[in-house]
Amino acid sequence: MFAVALACFAAQSSNLSTVKVDWSKSTHVISPLIYGANDSQYHHVKWTLYRFGGNAATTYNWENNFDNAGSDWKQSSGYGWSMRHTPASMRSIPAAAIINHQNKALEIGAKSIVQVNLMGYVAADGDGSVLESEKAPSKRWVRVEPKKPTPFSLTPDTTDGVVYIDEMVNYLVKKFGTAKSGTGVHAYSLDNEPGLWHHTHPYAHPEKTGAKELVQKSIAAAKAIKSVDPSAKIHGFAPFGVYEYMALTGAPDWPEIQKKGGYAWYIDYYLEEFAKASKEFGQRLLDVLDLHFYVGGGVIEEGGTDAHLQSARAMWDPTYTEQSWLGEVHPNFFPLIPRIRQSIKRYFDGTELAFSEWNSERPTTLTGGIATADMLGVFGQQKLDAATWWSLLGDKLTEEQLAPTRSAFRLYRDFDGKGGTFGDLNFAVSAQDRKSFSVFASKNSKTGNLHLVLIGKRRHVPVRFSVNLPSSGLRVLSSVGFGQTYKSALEPVKCGSISGDTLTVELPKQCAVHLVIGK
């Protein structure tokens, strides 16, 4: 039924738009780490990267496993969000939440990112809500220091009023090995959305985070981590969005620093300071510039469903205007990925790029699923190094609610139900019609098969186009996807026919399809 409903019929050649793929050489290897997640409720998706982080993790005390929910939930301290997936039987084990996270990552064959605490304080107890009169420093909080002045212990002292970042890393290395071993923590994230600490954790960090403060804390933590596990990657600084990229959400000392350094945005200063510190330290202290990006509700409010389907273009397309207020007020910072890479090239060349929190908005809807599939294609095409999706919807989702985003990820990670993946070698694609559809092209270096993910963005009529192939004699080996008649899983679809060295395509309304082409 679904194959019939999604069937694509031969297109009229006179109506064809032309897509050009340069099959002569691959532009880059697609990082497998772009298909990651923050939450475990989508455990049936074949994640490649798994992140332990978020607002609560900013106050997670690895010695006693308590965290403080801050303004997310009544300033409450206890076995909170950080421990939500950890069995109660593990609560007496130091770093139980991280151990459970790492075990889960190893179980599903993923690498992991673990957030460390830079804000200054973590939860001291599990006694519920912290009162305004108990702001840090007080007995409700434990101080955080990057480096322990005395020898490490595998039984941390929970009575000394301080926790150490390097001691935690040492604890994890002793349990799992180094990052280089393949079983250890792959990367450490230098906290989470620091420009919002005064909002998310007003009783631990009531003042706005300083531009210089964050850099100093970040560099100190990076040195402490690298001193214990030089092979672990360092991610920073996990800002929530463009305003934090620009000004660290109004850091009080930023205007003076910006003027003195001539920086376009805070990212520039952050990168340059890490470049200087790395040279002095003798080792790279920031491996990955790690950002958060959410397609804002303003995009959908301003432009509706059509704008939602176009939203991934803000990441890469210079002909596109981002449809929220950001695109109008700050057009010079879009398209986002090329603009960020300009800063990396100038201030700390060689730094990788990741989005450790991202979401295409409304992930339980068909449009959200299509937009998610489009964004994943962009991440591969734009040579992103890592990405971990955040659901925004909590843990308790039904199979029907999970379906659109699950299918978007499966399109790249398990399109055939047997672990089949999008190819690992990217090829450049050019198309004049960027509004109606997206095409992402790759090759599997092991099988030699070509892979195309096709995103149809029209809501009322099909879209027709042709794609050149590297040679004649090829055929469609597999074709699966989802669209307006979508129910709960990827279905076989017929949307492409090959004649000579040309693939003719007709995509139905709002759909995402994965074609495998070979001999």
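Described below are features of the structure shown in this document.

With respect to the overall build of the chain
Along its length, the chain carries 13 helices and 26 strands. Radius of gyration (C-alpha) of the chain: 24 Å, near the 24 Å computed for a compact globule of 519 residues. Dimensions of the chain along its principal axes, counting C-alpha atoms only, are 75 × 55 × 45 Å. Across the 519 residues in the chain, those meeting the buried criterion constitute 60%. The average position of the 54 basic charges and that of the 51 acidic charges among the side chains of the chain differ by 7 Å.

A word on the sheet that holds strand β20 (residues 450-456)
Pairing is antiparallel in the open sheet, where seven strands are placed in the order β2-β17-β19-β20-β26-β22-β23. Each edge of the sheet is formed by a strand with only one pairing partner; in this case those strands are β2 (28-29) and β23 (491-492). Against the sheet, helix α12 (residues 366-381) engages β2, β17 (425-427), β19 (437-443), β20, β22 (475-482) and β26 (511-518), with an angle of about 45° to β19. Against the sheet, helix α13 (residues 399-413) engages β19, β20, β22 and β26, with an angle of about 160° to β22.

Some remarks on the packing of α12 against α13
Between α12 and α13, the shortest axis-to-axis distance is 8 Å and the interhelical angle comes to 30°. Considered as vectors, α12 and α13 are oriented roughly parallel to each other. Considering the relative orientation of α12 and α13, their crossing is right-handed. Side by side, α12 and α13 meet where Leu366, Gly369, Thr372, Ala373, Leu376 and Gly377 of the first sit next to Pro404, Thr405, Ala408, Phe409, Leu411 and Tyr412 of the second. When the residues that make up the contact of α12 with α13 are grouped by side-chain class, the tally is eight nonpolar, four polar and no charged.

Observations regarding the packing of helix α3 (residues 165-176) against helix α5 (residues 211-228)
Where α3 contacts α5, the two axes come as close as 9 Å, and the packing angle between them is 30°. Classified by the angle their axes make, α3 and α5 are roughly parallel. Crossing angle aside, the handedness with which α3 passes α5 is right-handed. Here α3 contributes Ile165, Asp166, Val169, Asn170 and Val173 to the contact with α5, which in turn contributes Ala221, Ala224, Ile225 and Val228. Across the contact of α3 with α5, the residue classes break down as seven nonpolar, one polar and one charged.

Details of the nonpolar core
Formed by 121 residues in total, the largest nonpolar core has its most connected members in Tyr188, Tyr266, Tyr270, Leu289 and Phe355. Among residues more than four places away in sequence, those in contact with tyrosine 188 are Val114, Val116, Met168, Val169, Leu172, Ile225, Ala232, Lys233, Ile234 and His235.

Section: the pairing of strand β13 (residues 233-237)
Remember that side chains alternate between the two faces of the sheet whenever the strand is regular. Of all five residues that make up β13, four are buried, and the element is covered over most of its length. Strand direction decides the pairing type here: strand β12 (residues 187-190) and β13, joined by three bridges, are parallel. Counterpart to alanine 187 in the pairing with β13 is lysine 233. Note that β13 and strand β14 (residues 288-294) share three bridges and pair parallel. Its bridge partner being in β14, glycine 236 is matched across the sheet by leucine 289.

Focus on the side chain of serine 311
With respect to the secondary-structure elements, serine 311 resides in the loop between α9 (297-310) and α10 (325-329). At a separation of 2.7 Å, a polar atom in the side chain of serine 311 contacts the main-chain carbonyl oxygen of histidine 308. Setting aside its immediate chain neighbours within four residues, serine 311 contacts Val295, Val299, Tyr320 and Ala371.

What to know about unusual backbone geometry
The peptide bond linking glycine 236 to phenylalanine 237 adopts the cis configuration, its omega dihedral lying at 10°. Considering the arrangement of structural elements, one finds phenylalanine 237 in strand β13. The linkage connecting phenylalanine 334 with the following residue, proline 335, adopts the cis geometry, with an omega of 0°. Relative to the elements of secondary structure, proline 335 occurs in the loop between α10 and α11 (336-347). Phi at arginine 362 takes a positive value of approximately 50°, unusual for a residue other than glycine.

Side note on the sheet that holds strand β18 (residues 429-431)
For sheets, the rule is that strands pair by backbone hydrogen bonds, running either parallel or antiparallel. Ordered by their spatial adjacency, five strands build an open sheet running β18-β1-β21-β25-β24, and the pairing between neighbours is mixed. A single partner strand is all that each edge strand has here, and the edge strands are β18 and β24 (496-499). The mean inter-strand angle of the sheet, taken between neighbouring strand axes irrespective of direction, is 25°. Judged from the three bridges that link them, strand β1 (residues 17-21) and β18 form a sheet pairing that is antiparallel. For valine 19, the partnering residue across the bridge sits in β18 and is alanine 431.

Digging into the pairing of β1
Side chains Ser17, Val19 and Val21 of β1 all project onto a buried face; the interleaved residues Thr18 and Lys20 project onto a face where none is buried. Pairing of β1 with strand β21 (residues 463-468), which is carried by three bridges, proceeds in the parallel orientation. Paired with serine 17 across the strands is phenylalanine 465, a residue of β21.

Looking at the environment of glycine 448
Topologically, glycine 448 is positioned in the loop between β19 and β20. In this structure glycine 448 comes out as partly exposed when scored by relative accessible area, which is 35%. Sequence separation of glycine 448 and glycine 423 is 25 residues, and the distance between their C-alpha atoms is 9.0 Å.

Some words on the environment of glycine 327
Take glycine 327: it is sitting in helix α10. What makes glycine 327 buried here is its relative accessible area of 7%. Taking the C-alpha atoms as reference points, glycine 327 and alanine 314, 13 residues apart in sequence, are found 8.5 Å from one another. Each residue touching glycine 327, except ones within four places of it in the same chain, is listed here: Thr321, Glu322 and Phe334.

The rules behind these values
- Residues numbered from 1 in each chain as written.
- Predicted model: local features only at pLDDT ≥ 70, side-chain atom pairs only at ≥ 80, totals over all residues.
- Heavy atoms only, no water.
- Helix = DSSP H or I, 4+ residues; strand = E, 2+ residues; numbered from the N terminus.
- Rg over C-alpha atoms; globule rule 2.2 N^0.38 Å.
- Buried < 20%, exposed > 50% of the residue type's maximum accessible area, 1.4 Å probe, protein only.
- Lys, Arg positive; Asp, Glu negative; His and termini not counted.
- Charge placed at Lys NZ, Arg CZ, Asp CG, Glu CD.
- Pairing = 2+ DSSP bridges.
- Contact = heavy atoms within 4.5 Å.
- Axes fitted to C-alpha atoms, helices over the stretch in contact; angles between N-to-C directions.
- Parallel < 35°, antiparallel > 145°, perpendicular 65-115°, else oblique.
- Left-handed = near helix turned anticlockwise from the far one by under 90°.
- Nonpolar A, V, L, I, M, F, W, Y, C, P; charged D, E, K, R; others polar.
- Core = buried A, V, L, I, M, F, W, Y, C linked by side-chain atoms within 4.5 Å.
- Polar contact = N/O pair within 3.5 Å; in protein donor to acceptor, adjacent residues only side chain to side chain.

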